[in-house]
Amino acid sequence: MTYTGWFQNNFGDGPGWFLANLTLILAIVLPVMVGVAMAVYADRKIWAAMQMRRGPNVVGPFGLLQTFADAAKLFLKETIIPAGASRAVFMLAPMISFVLALAIWAVMPFDAGVVLADLNVGLLYVFAVSSMGVYGIIMSGWASNSKYPFLGGLRSAAQMVSYEVSMGFILVAVILYAQSLNLSDIVMAQQGNVLGILNGNIFNPLLFPMAIMFFIVALAETNRPPFDLPEAEAELVAGYQVEYSSMSFALFFLGEYANILFMCALIPVLFLGGWLPPLDWAPLYLVPGFVWMLAKMAVMFFCFAWVKAAVPRYRYDQLMRLGWKVFLPLSLFWVVVVSGWLMFFTDKFATVPGRVLL
Amino acid sequence: MTTAIFSFYLFAFVLITSAVLVITSKNPVHSVLWLIVSFFNAGGLFILLGAEFLAMLLIIVYVGAVAVLFLFVVMMLDIDFDTLRKGFWKNLPLGLAVSGVILAEMVLAVGVWEPARVVAMGAQPGGPPAGMSNTQWIGAVLYTDYLLVFQAAGMVLLVALIGAIVLTHRTREGVRRQNIGAQIARTPGGSTRAVQPAIGGGVDLKGMDK
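Residues numbered from 1 in each chain as written. Chains lettered and ligands numbered in written order. Predicted model: local features only at pLDDT ≥ 70, side-chain atom pairs only at ≥ 80, totals over all residues. Heavy atoms only, no water.

A.B. asks: Is there a simple way to explain the environment of A:Leu100 in this structure?
C.D. replies: All names here are of chain A. By secondary structure assignment, the location of Leu100 is in helix 4 (residues 87–103). Residue classification places Leu100 among the buried positions, given a relative accessible area of 14%. Through-space distance from the C-alpha of Leu100 to that of Glu78 is 25 Å; in sequence the pair is 22 residues apart. Dropping the residues within four chain positions of it, Leu100 is found in contact with Val129, Met132 and Gly133. (Helix = DSSP H or I, 4+ residues; strand = E, 2+ residues; numbered from the N terminus. Buried < 20%, exposed > 50% of the residue type's maximum accessible area, 1.4 Å probe, protein only. Contact = heavy atoms within 4.5 Å.)

Written as structure tokens, this is what we have:
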């Protein structure tokens, strides 16, 4: 009997389905929130290590509870709404950021079949929700009615829209290989897809450049350095978050890190073979898929933190140049290359139902 | 089924309410935000019809890109509400005429509406053939039966895109553009020179002012 089926037997069809999904949502959201807390701690530890410091080491063993202490401190502060702010929009903005950052996790497969919503347009859902994430920032920037948040909001809107374009093209290449928009299908399509032994699109020479570009675009989409212009503390103090305090600031912060963690999970799903081991070799499958997935997420997160500690921030015009003049033509050209290869040298398009005979 | 009907009325109600609020809000930024809410609910209606691909596309294209640019422009407009309201009575007859035409057209459209051809609420009209997802079905139709129309629509958009760039692009004088290729290609050998000037001789700076 399925998990949902057990609930439906005991509580009736409708309420059982509702209860089952509620527990499943909690089973994703709570680990994500704990993961966010640990990610913040890991981030600070990695930067500290790269700068020969100790990092947080006072609260709890090895400073593990530092983030919880910071969160408690934030929650106890007073929420301040500036007098000139547009109150409703000002309060809505952090909520939108946070809710979208959690909603995007609904389609993430953690193991074979371990996914809350197995949508057949899963990747489009991810793209849609991540493209809506810009509203939290742009609304907060406008509603604060203050110069620095406004500039931060505008910068962020322009940045995220620009980089979404090339992100879309990169996703198209992955979709063409997997012949599906479903994230689980995309993972399963990577089983032994290179030389019959390597699992993962990144080992495919045609998709390797896409994987590198996706990593950089993911940095830009999550406003991570070197693309953290919306926050740019040197020029804009803290960008769109300047006027926020207490809980409303915490929601932005949690949403931002939940998005980063999601990108750290999406890159393995798209390019590193998700819950599959890197080699298609039977003994490696003895390790549960969930463990592989978490390990890959951890590696990706380390890369995110590494980049932040290692590189300086982009200037705004250079950021736009990179997005529109480098990544957009490159990814568009590469989609043509990938689809040309699939068209003339493989049978991918011949097996699709509803095919057109040319 | 009741959930579907409930969702339909929820989406439809929020959609129409937010559409009304788009035109009644005093603040143009609030108008755009209500427009986004109505786009989002239209996406919900698509999902109820079983057109999940269209729903996602609506949200990606309209909510994720078009409305962001709307918001971008509206936020930077400096709107004076007094001058906006000044022309209200002068433009009222024109506005009434336009809305009268639209109303007449809607009445005509509803007049030829055949209730018999309308599918029952919650029923999904048609649906893709077996073994095909919605996305593949749309692709198969779009790139075969409607290829010409599809490509023509793409060309129209391309022309609009190029037109917008041609109209707004201006070359400014006296701007020192960054040449990233030249910057990266620079080496110490090409940019520095080791000299040992004689006492009182000075250094010849010719060719070093680049």
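A.B. asks: Would you mind showing me how to read the domain arrangement of chain B here?
C.D. replies: How large an interface is tends to be reported as the accessible area lost when its parts come together. Domain boundaries assigned for chain B yield domain 1 (1–86) and domain 2 (132–167). Distance from the C-alpha centre of domain 1 of chain B to the C-alpha centre of domain 2 of chain B: 24 Å. (Domains from an automatic or database assignment.)

A.B. asks: Where do I start with the UniProt feature "transmembrane region" (unreviewed entry) in chain B in this structure?
C.D. replies: UniProt marks residues 6–25, 32–51, 57–79, 91–113 and 146–167 of chain B with the feature "transmembrane region" (unreviewed entry), using the numbering shown here. Each end of residues 6–25 of chain B is marked by a C-alpha atom, and these two atoms are 27 Å apart; helix forms 95% of the span and strand 0%. (UniProt positions renumbered as here; feature names shortened; annotations may be inferred.)

A.B. asks: For this particular structure, what's the right way to read the side chain of B:Thr135?
C.D. replies: Along the chain, the position of B:Thr135 falls in helix 6 (residues 134–142). Overall, the relative accessible area of 18% leaves B:Thr135 in the buried class. Setting aside anything within four residues of it in sequence, one finds B:Thr135 in contact with A:Val121, A:Leu181 and B:Phe53.

A.B. asks: Just to check I follow, could you spell out the side chain of B:Ser18 for this structure?
C.D. replies: All names here are of chain B. On the secondary structure map, Ser18 appears in helix 1 (residues 2–24). What makes Ser18 buried here is its relative accessible area of 1%. Not counting chain neighbours up to four residues away, the residues in contact with Ser18 comprise Trp34, Val37 and Ser38.

A.B. asks: How should I be thinking about the UniProt feature "transmembrane region" (unreviewed entry) in chain A in this particular structure?
C.D. replies: Mapped onto the present numbering, the UniProt feature "transmembrane region" (unreviewed entry) falls at residues 20–42, 88–110, 122–142, 163–182, 202–220, 249–272, 284–307 and 327–345 of chain A. What you have in residues 249–272 of chain A is 100% helix and 0% strand, and the ends, taken at the C-alpha atoms, are 34 Å apart.

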